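Spelled out, the chains give:
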Amino acid sequence: MRMTELLKIIEDNGKGVRAYSECGRAARECIKTHSDQATAYYLLSIAADRFVETYDDQPLLSQSAEDAYLNFKSYVERLAETEQENDPAKKLQTLNRVATEIADDRFLKSAE
């Protein structure tokens, strides 16, 4: 599974809690099969799981779901784009930038 296919899981399942739960599970499975991209998939699984933890048993406005999706999509796109390059320093920089955004809860702050 390519990283961009994680977006399809979210889109096909209505961008809600169950969609992110499935996406997180799929990302963790990809760690096993794409060990060269394990860190990127792990970060995406953390972001997906954080969405689930935040909105499980909570109301989710459609605008919040869309905002969170756009943030998640930006992570996927940046990580997938960087993976195509042969520049280890750029890959590391992108991984660190995405990890920092997830750790700072930027993913969810814009969704609240």
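Remember, it's a predicted structure, so these values are computed and weren't measured experimentally. (Residues numbered from 1 in each chain as written. Predicted model: local features only at pLDDT ≥ 70, side-chain atom pairs only at ≥ 80, totals over all residues. Heavy atoms only, no water.)

A.B. asks: Tell me about helix α1 (residues 3-12), residues and numbers included.
C.D. replies: For α1, every residue scored as buried is listed here: Met3, Leu6, Leu7, Ile9 and Ile10. In an axial view of α1, the angular spread of the buried residues amounts to 155 degrees, which keeps them on one side of the axis. Looking at the buried side of α1, the elements it contacts are α2 (17-33), α3 (38-55) and α4 (62-83). Following α1 by one or two positions, Gly14 adopts a phi angle in the positive range, close to 80 degrees. (Buried < 20%, exposed > 50% of the residue type's maximum accessible area, 1.4 Å probe, protein only. Helix = DSSP H or I, 4+ residues; strand = E, 2+ residues; numbered from the N terminus. Arc of directions from axis to C-beta. Contact = heavy atoms within 4.5 Å.)

A.B. asks: Give a detailed account of the nonpolar core, specifying residues and quantitative values.
C.D. replies: Residues Met3, Leu6, Tyr20, Leu44 and Phe72 are the most contacted members of the largest nonpolar core, which totals 31 residues. Discounting chain neighbours no more than four positions away, the residues touching Leu6 are Met1, Cys23, Ala26, Ala27, Tyr41 and Leu44. (Core = buried A, V, L, I, M, F, W, Y, C linked by side-chain atoms within 4.5 Å.)

A.B. asks: Outline the environment of Tyr75, supporting the account with residue identities and numerical values.
C.D. replies: For Tyr75, the location among the structural elements is in helix α4. For the pair Tyr75 and Thr94, spaced 19 residues apart in sequence, the C-alpha to C-alpha distance is 9.2 Å.

A.B. asks: Tell me about the confidence of the model for the protein chain, residues and numbers included.
C.D. replies: Of the residues in the protein chain, 94% have a pLDDT of 70 or more, and the chain-wide mean is 92. The weakest mean pLDDT in the protein chain belongs to helix α6 (residues 106-109) at 65; the strongest belongs to α2 at 97. (pLDDT = per-residue confidence, 0-100.)

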